[in-house]
Amino acid sequence: MEELFLNKLAEAYQTYNASIIEDYLADEMRYASMWVFHEMTSKDEYMDYLTGKLQTLKEHGVWMEFQIVQGRMHEKALLVTNDEAPEGKFGFVADFNDQGKVKMLNITAQAFF
């Protein structure tokens, strides 16, 4: 489940199509970034954000490459492999509810995977 979702998230970024992951998200999901103060608290809010972000990436010709990696705190993580921020490598980790839907998605430094 975790690896499937992370692969779908990579596909969404690479095709600039947020709808690919919509069915994997719980309605009450949360999204947080260690670089942004605001935490999103719903699927609708996150989907609006992601749709806009992917459109901006597409308009600027930004292509992201990913790799599924083992984490320490999460079994799997989605590492961004073609970009390195001054803080180091970063990527995504997800937590799931009892129905197998993403309840929490974090973008964070690789050290916190």
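In what follows, the structure referred to is the one given above.
The rules behind these values
- Residues numbered from 1 in each chain as written.
- Predicted model: local features only at pLDDT ≥ 70, side-chain atom pairs only at ≥ 80, totals over all residues.
- Heavy atoms only, no water.
- Core = buried A, V, L, I, M, F, W, Y, C linked by side-chain atoms within 4.5 Å.
- Buried < 20%, exposed > 50% of the residue type's maximum accessible area, 1.4 Å probe, protein only.
- Helix = DSSP H or I, 4+ residues; strand = E, 2+ residues; numbered from the N terminus.
- Contact = heavy atoms within 4.5 Å.
- Expected span 1.5 Å × (residues − 1).
- Arc of directions from axis to C-beta.
- Salt bridge = Lys/Arg side-chain N within 4 Å of Asp/Glu carboxyl O.

A. Seen up close, the nonpolar core. Formed by 30 residues in total, the largest nonpolar core has its most connected members in Phe5, Leu9, Tyr13, Ile21, Tyr46, Phe92 and Leu105. Looking at this core, the elements with two or more residues in it are helix 1 (2–15), helix 2 (19–22), strand 1 (25–33), helix 3 (43–59), strand 3 (76–80), strand 4 (90–96) and strand 5 (102–109). Examining the composition of this core, we find that 6 residues originate from one element, helix 1, more than from any other. Ignoring any residue separated from it by four or fewer positions in sequence, one finds Tyr46 in contact with Leu9, Ile21, Leu25, Met29, Tyr31, Met40 and Leu105. Counting residues in hydrophobic clusters, the runner-up holds 5 residues, among them Val69, Ala77, Leu79 and Phe113.

B. Layout of helix 3. Helix length check: helix 3, at 17 residues, gives a terminal C-alpha distance of 24 Å against a target of 24 Å (1.5 Å per residue), a fit within 8%. Within the span of helix 3, buried status applies to Lys43, Tyr46, Met47, Leu50, Leu54 and Leu57. For helix 3, the angular spread of the buried residues around the axis is 95°, confining them to a single face. Opposite its buried face, helix 3 presents the exposed residues Asp44, Asp48 and Glu59, each directed more than 90 degrees away. Contact partners of the buried residues in helix 3: helix 1, helix 2, strand 1 and strand 5.

C. Structural detail: the side chain of His74. Mapped onto the elements of the fold, His74 is located in the loop between strand 2 (66–70) and strand 3. Judged by its relative accessible area of 14%, His74 is buried. Sequence-distant contacts of His74, defined by excluding residues within four places in its chain, comprise Glu2, Val93, Ala94, Asp95 and Phe113.

D. Layout of the pattern of salt bridges. One pass over the structure, following the stated rule, counts 4 salt bridges. Between Glu3 and Lys76 there is a salt bridge; the shortest N-O distance is 3.8 Å. A residue pair is termed long-range when its members are at least 10 positions apart, and Glu3 in helix 1 and Lys76 in strand 3 qualify at 73 residues. With relative accessibility at 16%, the residue Lys76 sits in the buried group.

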